[in-house]
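Residue-level structural notes
Here is what each chain is made of, one letter per residue.
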Amino acid sequence: MPDNIFLNKVFITGREATYVAQAIADSQKGGMLSGDGSFTHRVSEFLEKTFDTHQVLLTHSCTAALEMAAILADIQPGDEVIMPSYTFVSSANAFVLRGGVPVFVDVKADTMNIDENLIEAAITEKTKAIVPIHYAGAACEMDRIMQIAEKYDLMVIEDAAQAIFGNYKGRPLGTIGHLGCFSFHETKNIICGEGGALLVNRPNLEARAEIVREKGTDRTAFLSGRSDKYTWRDIGSSYLPSDMLAAFLLAQLEHGEEITRRRQKAWEIYDECLRSSGLLELPQYPHDSRPNGHMYFGLLRNAKDRPAFIEEMRNEGIQVLSHYVPLHSSPAGQKFCRVSGSLENTISGASRLVRFPMYCGIEDKAEMIAGLAMDKLRKLNSVIEA
Ligand SMILES: *Cc1c(COP(=O)(O)O)cnc(C)c1O
(Lines give C-alpha, C1' and ligand atoms only; values in the text may rest on other atoms or scores of the structure.)
Protein backbone atom coordinates (compact mmCIF):
# COMPACT_ATOMS: atom_id res chain seq x y z
CA MET A 1 0.00 0.00 0.00
CA PRO A 2 1.57 3.34 -1.00
CA ASP A 3 1.68 6.22 1.50
CA ASN A 4 -1.50 8.13 2.07
CA ILE A 5 -1.78 11.39 0.17
CA PHE A 6 -3.02 14.10 2.49
CA LEU A 7 -4.65 17.39 1.55
CA ASN A 8 -1.58 19.29 2.64
CA LYS A 9 2.09 18.50 3.20
CA VAL A 10 4.64 20.90 4.62
CA PHE A 11 7.24 21.86 2.02
CA ILE A 12 10.73 22.67 3.29
CA THR A 13 13.05 24.61 1.00
CA GLY A 14 16.23 23.47 2.76
CA ARG A 15 17.54 26.74 4.21
CA GLU A 16 15.12 27.05 7.16
CA ALA A 17 17.33 25.31 9.74
CA THR A 18 20.41 27.34 8.73
CA TYR A 19 18.57 30.64 9.11
CA VAL A 20 16.99 29.65 12.43
CA ALA A 21 20.45 28.62 13.72
CA GLN A 22 21.76 31.99 12.59
CA ALA A 23 18.99 33.80 14.49
CA ILE A 24 19.96 31.85 17.61
CA ALA A 25 23.68 32.58 17.09
CA ASP A 26 22.92 36.28 16.55
CA SER A 27 21.21 36.41 19.96
CA GLN A 28 24.61 35.63 21.53
CA LYS A 29 26.14 38.64 19.79
CA GLY A 30 23.65 41.31 20.76
CA GLY A 31 20.90 40.37 18.31
CA MET A 32 17.27 40.06 19.33
CA LEU A 33 15.49 36.71 19.55
CA SER A 34 12.22 38.48 20.28
CA GLY A 35 10.18 40.27 17.63
CA ASP A 36 11.71 42.90 15.35
CA GLY A 37 15.16 41.32 15.24
CA SER A 38 17.28 41.28 12.09
CA PHE A 39 15.37 38.47 10.32
CA THR A 40 12.06 40.21 10.99
CA HIS A 41 13.47 43.33 9.30
CA ARG A 42 14.78 41.32 6.36
CA VAL A 43 11.39 39.66 5.85
CA SER A 44 9.50 42.95 6.12
CA GLU A 45 11.82 44.57 3.59
CA PHE A 46 11.52 41.57 1.29
CA LEU A 47 7.72 41.75 1.41
CA GLU A 48 7.61 45.55 1.06
CA LYS A 49 9.82 45.37 -2.01
CA THR A 50 8.17 42.31 -3.59
CA PHE A 51 4.66 43.70 -3.12
CA ASP A 52 5.60 47.37 -3.51
CA THR A 53 3.66 48.51 -0.49
CA HIS A 54 4.31 51.03 2.29
CA GLN A 55 4.65 48.89 5.35
CA VAL A 56 4.51 45.16 6.08
CA LEU A 57 4.32 44.19 9.75
CA LEU A 58 4.96 40.57 10.65
CA THR A 59 2.48 39.09 13.12
CA HIS A 60 2.16 35.73 14.82
CA SER A 61 -0.87 34.81 12.66
CA CYS A 62 -3.28 36.11 10.07
CA THR A 63 -5.82 36.13 12.90
CA ALA A 64 -3.59 38.66 14.69
CA ALA A 65 -3.27 40.75 11.52
CA LEU A 66 -7.08 40.80 11.19
CA GLU A 67 -7.42 41.82 14.85
CA MET A 68 -4.97 44.69 14.24
CA ALA A 69 -6.96 45.66 11.15
CA ALA A 70 -10.17 45.83 13.20
CA ILE A 71 -8.46 48.21 15.63
CA LEU A 72 -7.02 50.33 12.81
CA ALA A 73 -10.46 50.50 11.17
CA ASP A 74 -11.65 51.90 14.51
CA ILE A 75 -14.47 49.39 14.85
CA GLN A 76 -16.76 50.41 17.71
CA PRO A 77 -19.61 48.43 19.30
CA GLY A 78 -22.46 48.12 16.78
CA ASP A 79 -20.36 48.98 13.73
CA GLU A 80 -21.05 46.71 10.78
CA VAL A 81 -18.53 44.91 8.58
CA ILE A 82 -19.60 43.30 5.30
CA MET A 83 -18.11 39.90 4.45
CA PRO A 84 -19.08 36.47 3.13
CA SER A 85 -20.31 33.75 5.49
CA TYR A 86 -18.15 31.23 3.63
CA THR A 87 -14.85 31.96 5.38
CA PHE A 88 -12.64 31.03 8.30
CA VAL A 89 -13.84 32.14 11.75
CA SER A 90 -11.06 34.70 12.20
CA SER A 91 -12.37 36.92 9.38
CA ALA A 92 -15.46 37.56 11.54
CA ASN A 93 -14.07 37.02 15.05
CA ALA A 94 -11.50 39.82 14.74
CA PHE A 95 -14.35 42.35 14.38
CA VAL A 96 -16.67 40.72 16.93
CA LEU A 97 -13.87 41.14 19.50
CA ARG A 98 -14.24 44.92 19.05
CA GLY A 99 -18.05 44.76 19.34
CA GLY A 100 -18.51 44.87 15.57
CA VAL A 101 -21.27 43.03 13.72
CA PRO A 102 -20.29 40.97 10.68
CA VAL A 103 -22.97 41.28 7.99
CA PHE A 104 -22.93 38.32 5.62
CA VAL A 105 -23.70 38.60 1.92
CA ASP A 106 -23.77 35.74 -0.55
CA VAL A 107 -20.85 34.43 -2.63
CA LYS A 108 -20.65 33.75 -6.36
CA ALA A 109 -21.95 30.30 -7.27
CA ASP A 110 -18.63 29.16 -8.77
CA THR A 111 -15.66 30.95 -7.12
CA MET A 112 -17.16 31.12 -3.59
CA ASN A 113 -15.86 34.71 -3.43
CA ILE A 114 -18.07 37.54 -2.17
CA ASP A 115 -20.60 38.67 -4.79
CA GLU A 116 -19.65 42.33 -5.28
CA ASN A 117 -23.10 43.07 -6.71
CA LEU A 118 -24.73 42.35 -3.34
CA ILE A 119 -22.52 44.59 -1.21
CA GLU A 120 -24.31 47.89 -1.76
CA ALA A 121 -27.66 46.50 -0.59
CA ALA A 122 -26.03 45.47 2.72
CA ILE A 123 -24.66 48.94 3.53
CA THR A 124 -26.32 50.87 6.38
CA GLU A 125 -25.35 53.96 8.38
CA LYS A 126 -23.37 51.68 10.68
CA THR A 127 -21.23 50.07 7.96
CA LYS A 128 -17.52 50.70 8.51
CA ALA A 129 -15.66 48.21 6.35
CA ILE A 130 -15.76 45.52 3.68
CA VAL A 131 -13.71 42.33 4.13
CA PRO A 132 -13.23 40.41 0.88
CA ILE A 133 -11.76 36.93 1.32
CA HIS A 134 -9.76 35.72 -1.69
CA TYR A 135 -10.94 32.13 -1.45
CA ALA A 136 -8.48 29.54 -2.78
CA GLY A 137 -6.03 32.37 -3.53
CA ALA A 138 -8.24 33.71 -6.34
CA ALA A 139 -9.14 37.38 -6.49
CA CYS A 140 -12.45 38.98 -5.57
CA GLU A 141 -13.66 41.73 -7.95
CA MET A 142 -11.48 44.37 -6.32
CA ASP A 143 -12.17 47.24 -8.77
CA ARG A 144 -15.88 47.20 -7.97
CA ILE A 145 -15.26 46.67 -4.24
CA MET A 146 -12.86 49.64 -4.05
CA GLN A 147 -15.35 51.76 -5.98
CA ILE A 148 -18.15 50.98 -3.51
CA ALA A 149 -15.79 51.61 -0.57
CA GLU A 150 -14.88 55.03 -1.93
CA LYS A 151 -18.50 55.98 -2.59
CA TYR A 152 -19.56 55.17 1.00
CA ASP A 153 -16.26 56.03 2.69
CA LEU A 154 -15.60 52.49 3.94
CA MET A 155 -12.35 50.70 4.66
CA VAL A 156 -11.40 47.60 2.70
CA ILE A 157 -9.50 44.90 4.59
CA GLU A 158 -8.40 42.05 2.34
CA ASP A 159 -8.32 38.67 4.03
CA ALA A 160 -5.54 37.41 1.78
CA ALA A 161 -4.65 34.54 4.15
CA GLN A 162 -4.67 32.09 1.23
CA ALA A 163 -3.67 34.56 -1.44
CA ILE A 164 0.05 35.41 -1.25
CA PHE A 165 1.51 35.80 -4.78
CA GLY A 166 -1.99 35.73 -6.28
CA ASN A 167 -2.95 38.77 -8.33
CA TYR A 168 -5.82 40.81 -9.68
CA LYS A 169 -5.21 42.54 -13.02
CA GLY A 170 -1.49 42.41 -12.35
CA ARG A 171 -1.74 43.80 -8.81
CA PRO A 172 -0.72 41.55 -5.89
CA LEU A 173 -3.58 40.45 -3.65
CA GLY A 174 -3.30 41.97 -0.20
CA THR A 175 -2.04 45.31 -1.54
CA ILE A 176 -5.25 46.68 -3.07
CA GLY A 177 -7.38 47.39 0.00
CA HIS A 178 -6.43 49.83 2.77
CA LEU A 179 -5.09 46.85 4.72
CA GLY A 180 -4.25 43.28 3.71
CA CYS A 181 -3.66 40.18 5.83
CA PHE A 182 -1.48 37.18 4.97
CA SER A 183 -1.18 33.86 6.79
CA PHE A 184 1.99 31.78 7.08
CA HIS A 185 0.23 28.91 8.86
CA GLU A 186 1.59 25.51 7.82
CA THR A 187 -1.49 24.86 5.63
CA LYS A 188 -0.81 27.92 3.45
CA ASN A 189 1.57 28.37 0.48
CA ILE A 190 4.41 30.14 2.31
CA ILE A 191 4.81 29.07 5.90
CA CYS A 192 6.59 29.35 9.23
CA GLY A 193 4.32 27.08 11.28
CA GLU A 194 2.21 29.87 12.71
CA GLY A 195 2.62 33.36 11.30
CA GLY A 196 1.08 36.22 9.43
CA ALA A 197 1.56 39.75 8.17
CA LEU A 198 -0.38 42.97 8.02
CA LEU A 199 0.11 44.96 4.82
CA VAL A 200 -0.46 48.64 5.52
CA ASN A 201 -1.23 50.05 2.10
CA ARG A 202 -2.05 53.64 3.12
CA PRO A 203 0.65 55.86 4.69
CA ASN A 204 -1.82 57.50 7.11
CA LEU A 205 -2.28 54.16 8.93
CA GLU A 206 1.43 53.37 9.39
CA ALA A 207 2.22 55.12 12.66
CA ARG A 208 -0.80 53.71 14.49
CA ALA A 209 -0.20 50.22 13.07
CA GLU A 210 3.29 50.14 14.66
CA ILE A 211 1.83 51.14 18.01
CA VAL A 212 -1.07 48.67 17.97
CA ARG A 213 1.39 45.84 17.21
CA GLU A 214 3.70 46.81 20.11
CA LYS A 215 1.13 46.49 22.93
CA GLY A 216 -0.09 50.03 22.32
CA THR A 217 3.34 51.60 22.86
CA ASP A 218 5.67 53.59 20.62
CA ARG A 219 8.50 51.09 21.22
CA THR A 220 9.10 50.67 17.47
CA ALA A 221 9.86 54.38 17.08
CA PHE A 222 12.10 54.18 20.18
CA LEU A 223 14.06 51.17 18.84
CA SER A 224 14.65 52.86 15.50
CA GLY A 225 15.84 56.05 17.21
CA ARG A 226 12.84 58.18 16.26
CA SER A 227 11.95 58.70 19.93
CA ASP A 228 14.11 58.85 23.09
CA LYS A 229 11.73 56.88 25.34
CA TYR A 230 8.67 54.76 24.94
CA THR A 231 5.30 54.79 26.61
CA TRP A 232 1.68 53.60 26.44
CA ARG A 233 -0.08 55.47 23.63
CA ASP A 234 -3.13 53.53 22.46
CA ILE A 235 -4.92 50.19 22.67
CA GLY A 236 -2.91 47.29 21.29
CA SER A 237 -1.60 43.85 22.03
CA SER A 238 1.41 41.62 21.53
CA TYR A 239 1.36 40.68 17.87
CA LEU A 240 5.08 40.20 17.07
CA PRO A 241 6.46 36.79 16.17
CA SER A 242 9.88 35.70 17.44
CA ASP A 243 12.85 36.37 15.14
CA MET A 244 13.34 32.57 14.84
CA LEU A 245 10.04 32.32 12.98
CA ALA A 246 11.01 35.21 10.72
CA ALA A 247 14.25 33.33 9.95
CA PHE A 248 12.25 30.26 8.91
CA LEU A 249 9.95 32.46 6.85
CA LEU A 250 12.80 34.16 4.99
CA ALA A 251 13.95 30.77 3.67
CA GLN A 252 10.44 30.13 2.38
CA LEU A 253 10.01 33.55 0.80
CA GLU A 254 13.30 33.25 -1.07
CA HIS A 255 11.64 30.30 -2.85
CA GLY A 256 8.23 31.97 -3.00
CA GLU A 257 8.03 32.16 -6.77
CA GLU A 258 9.12 28.56 -7.24
CA ILE A 259 6.62 27.34 -4.63
CA THR A 260 3.84 29.27 -6.34
CA ARG A 261 4.80 28.00 -9.82
CA ARG A 262 4.83 24.38 -8.69
CA ARG A 263 1.43 24.68 -7.02
CA GLN A 264 0.02 26.44 -10.09
CA LYS A 265 1.37 23.59 -12.20
CA ALA A 266 -0.49 21.02 -10.08
CA TRP A 267 -3.60 23.23 -10.26
CA GLU A 268 -3.39 23.21 -14.07
CA ILE A 269 -3.01 19.43 -14.25
CA TYR A 270 -6.09 18.91 -12.07
CA ASP A 271 -7.96 21.46 -14.12
CA GLU A 272 -7.10 19.97 -17.50
CA CYS A 273 -8.38 16.56 -16.41
CA LEU A 274 -11.43 17.58 -14.42
CA ARG A 275 -12.77 20.53 -16.43
CA SER A 276 -13.25 18.59 -19.64
CA SER A 277 -14.93 15.71 -17.76
CA GLY A 278 -17.88 17.89 -16.78
CA LEU A 279 -18.23 15.84 -13.58
CA LEU A 280 -17.71 18.79 -11.24
CA GLU A 281 -18.77 22.44 -11.32
CA LEU A 282 -15.53 24.42 -11.45
CA PRO A 283 -14.84 28.12 -10.88
CA GLN A 284 -14.44 30.42 -13.88
CA TYR A 285 -11.62 32.82 -13.13
CA PRO A 286 -11.12 35.92 -15.28
CA HIS A 287 -8.08 35.69 -17.58
CA ASP A 288 -6.50 38.77 -16.04
CA SER A 289 -6.32 37.37 -12.50
CA ARG A 290 -4.36 34.24 -11.80
CA PRO A 291 -4.93 32.14 -8.67
CA ASN A 292 -1.80 31.21 -6.72
CA GLY A 293 -2.35 27.45 -6.64
CA HIS A 294 -3.35 27.52 -2.99
CA MET A 295 -6.25 25.12 -3.44
CA TYR A 296 -7.97 23.04 -6.08
CA PHE A 297 -11.67 22.63 -5.43
CA GLY A 298 -14.88 21.80 -7.28
CA LEU A 299 -18.57 21.47 -6.52
CA LEU A 300 -20.29 18.09 -6.78
CA ARG A 301 -23.61 18.04 -8.61
CA ASN A 302 -25.37 16.54 -5.58
CA ALA A 303 -24.56 17.33 -1.96
CA LYS A 304 -25.66 13.86 -0.89
CA ASP A 305 -22.85 12.26 -2.93
CA ARG A 306 -20.15 13.98 -0.92
CA PRO A 307 -19.74 11.56 2.00
CA ALA A 308 -19.51 8.59 -0.40
CA PHE A 309 -17.04 10.37 -2.68
CA ILE A 310 -14.81 11.38 0.25
CA GLU A 311 -15.01 7.84 1.64
CA GLU A 312 -14.15 6.19 -1.69
CA MET A 313 -11.15 8.47 -2.20
CA ARG A 314 -10.02 7.76 1.37
CA ASN A 315 -10.15 4.03 0.59
CA GLU A 316 -7.65 4.77 -2.20
CA GLY A 317 -5.42 6.54 0.34
CA ILE A 318 -6.29 10.02 -0.95
CA GLN A 319 -7.59 12.74 1.31
CA VAL A 320 -10.37 14.79 -0.25
CA LEU A 321 -12.20 17.15 2.10
CA SER A 322 -15.12 19.55 2.36
CA HIS A 323 -14.41 22.99 3.81
CA TYR A 324 -16.11 25.67 5.91
CA VAL A 325 -19.34 25.38 7.81
CA PRO A 326 -20.84 28.77 6.78
CA LEU A 327 -20.45 31.15 9.72
CA HIS A 328 -24.08 32.35 9.67
CA SER A 329 -25.19 28.80 10.56
CA SER A 330 -22.74 28.41 13.47
CA PRO A 331 -23.76 29.09 17.09
CA ALA A 332 -21.44 32.13 17.43
CA GLY A 333 -22.41 33.38 13.99
CA GLN A 334 -26.07 33.38 14.98
CA LYS A 335 -25.29 35.23 18.18
CA PHE A 336 -22.95 37.91 16.83
CA CYS A 337 -23.68 38.38 13.14
CA ARG A 338 -26.42 39.42 10.73
CA VAL A 339 -27.37 38.17 7.27
CA SER A 340 -28.16 40.43 4.30
CA GLY A 341 -30.28 38.86 1.58
CA SER A 342 -30.30 35.24 0.52
CA LEU A 343 -27.22 33.08 1.10
CA GLU A 344 -28.34 30.52 -1.45
CA ASN A 345 -24.97 30.09 -3.18
CA THR A 346 -23.15 29.93 0.16
CA ILE A 347 -25.40 27.16 1.46
CA SER A 348 -25.45 25.20 -1.79
CA GLY A 349 -21.71 25.54 -2.45
CA ALA A 350 -20.73 24.70 1.13
CA SER A 351 -22.69 21.44 0.94
CA ARG A 352 -21.14 20.35 -2.39
CA LEU A 353 -17.54 21.62 -2.24
CA VAL A 354 -14.59 19.20 -2.24
CA ARG A 355 -10.88 20.07 -2.06
CA PHE A 356 -8.11 17.96 -3.58
CA PRO A 357 -4.59 17.42 -2.23
CA MET A 358 -2.44 20.45 -2.99
CA TYR A 359 1.19 21.06 -2.08
CA CYS A 360 4.62 21.40 -3.60
CA GLY A 361 5.44 17.90 -4.81
CA ILE A 362 1.90 16.82 -5.76
CA GLU A 363 2.51 17.77 -9.43
CA ASP A 364 3.52 14.22 -10.34
CA LYS A 365 0.44 12.68 -8.73
CA ALA A 366 -2.24 15.18 -9.76
CA GLU A 367 -3.15 13.33 -12.97
CA MET A 368 -3.51 10.02 -11.13
CA ILE A 369 -5.65 11.63 -8.41
CA ALA A 370 -7.87 13.37 -10.97
CA GLY A 371 -8.27 10.08 -12.86
CA LEU A 372 -9.36 8.23 -9.74
CA ALA A 373 -11.74 11.05 -8.81
CA MET A 374 -13.35 10.92 -12.25
CA ASP A 375 -13.88 7.14 -11.96
CA LYS A 376 -15.55 7.56 -8.58
CA LEU A 377 -17.70 10.45 -9.76
CA ARG A 378 -18.86 8.59 -12.88
CA LYS A 379 -19.87 5.64 -10.73
CA LEU A 380 -21.80 7.89 -8.31
CA ASN A 381 -23.56 9.62 -11.21
CA SER A 382 -24.54 6.36 -12.91
CA VAL A 383 -26.06 5.08 -9.66
CA ILE A 384 -28.29 8.15 -9.61
CA GLU A 385 -29.22 7.96 -13.27
CA ALA A 386 -29.96 4.21 -13.15
C1 LIG B 1 -5.99 30.43 7.33
C2 LIG B 1 -6.95 31.54 7.28
C3 LIG B 1 -7.03 32.50 8.30
C4 LIG B 1 -6.27 32.39 9.60
O5 LIG B 1 -4.90 32.33 9.46
P6 LIG B 1 -3.99 32.08 10.76
O7 LIG B 1 -2.63 32.50 10.30
O8 LIG B 1 -4.07 30.63 11.06
O9 LIG B 1 -4.50 32.92 11.85
C10 LIG B 1 -7.90 33.56 8.13
N11 LIG B 1 -8.67 33.67 7.04
C12 LIG B 1 -8.64 32.76 6.05
C13 LIG B 1 -9.50 32.96 4.86
C14 LIG B 1 -7.78 31.66 6.14
O15 LIG B 1 -7.77 30.75 5.16
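Looking at an unreviewed UniProt entry, one finds the protein chain named dTDP-4-amino-4,6-dideoxygalactose transaminase, with Sneathiella chungangensis as its source organism. Checking UniProt for the protein chain, the heading Sequence similarities (unreviewed entry) contains the comment "Belongs to the DegT/DnrJ/EryC1 family."

1. Observations concerning the site of the ligand
Residues in contact with the ligand amount to 15 residues; listed here are only the nearest, Cys62, Thr63, Asp159, Ser183 and Lys188. A distance of 2.9 Å separates an oxygen atom of the ligand from a polar atom in the side chain of glutamine 162. Bound to the protein, the ligand loses 93% of the 380 Å² it would expose on its own. When its residues are assigned to classes, the shell around the ligand shows 5 nonpolar, 8 polar and 2 charged.

2. Quick look at the nonpolar core
By size, the foremost hydrophobic cluster in this structure holds 49 residues, and its most contacted members are Leu47, Ile164 and Phe184. Contributing elements (two or more residues each) for this core: α1 (16-27), α2 (38-50), β1 (55-59), β3 (101-105), α5 (119-122), α6 (142-152), β9 (196-200) and α9 (243-254). Considering every element that reaches this core, the biggest residue donor is α9, with 7 residues. Setting aside chain neighbours within four positions, we find leucine 47 in contact with Asp52, Val56, Leu58, Ile164, Phe184 and Leu253.

3. Looking at α9
When the terminal C-alpha atoms of α9 are compared, their 17 Å separation across 12 residues agrees well with the 16 Å that a helix rising 1.5 Å per residue should span. Most of α9 sits inside the fold, with 9 of its 12 residues counted as buried. Close packing links the buried residues of α9 with α1, α2, β1 and α10 (256-277). Here α9 starts with a cap whose side-chain oxygen sits 3.0 Å from the backbone nitrogen of methionine 244, and that cap is serine 242.

Reading guide: rules and limits
- Residues numbered from 1 in each chain as written.
- Predicted model: local features only at pLDDT ≥ 70, side-chain atom pairs only at ≥ 80, totals over all residues.
- Heavy atoms only, no water.
- UniProt positions renumbered as here; feature names shortened; annotations may be inferred.
- Near = heavy atom within 4 Å.
- Polar contact = N/O pair within 3.5 Å; in protein donor to acceptor, adjacent residues only side chain to side chain.
- Areas by Shrake-Rupley, 256 points an atom, 1.4 Å probe, with all protein chains shown as cover.
- Nonpolar A, V, L, I, M, F, W, Y, C, P; charged D, E, K, R; others polar.
- Core = buried A, V, L, I, M, F, W, Y, C linked by side-chain atoms within 4.5 Å.
- Buried < 20%, exposed > 50% of the residue type's maximum accessible area, 1.4 Å probe, protein only.
- Helix = DSSP H or I, 4+ residues; strand = E, 2+ residues; numbered from the N terminus.
- Contact = heavy atoms within 4.5 Å.
- Expected span 1.5 Å × (residues − 1).

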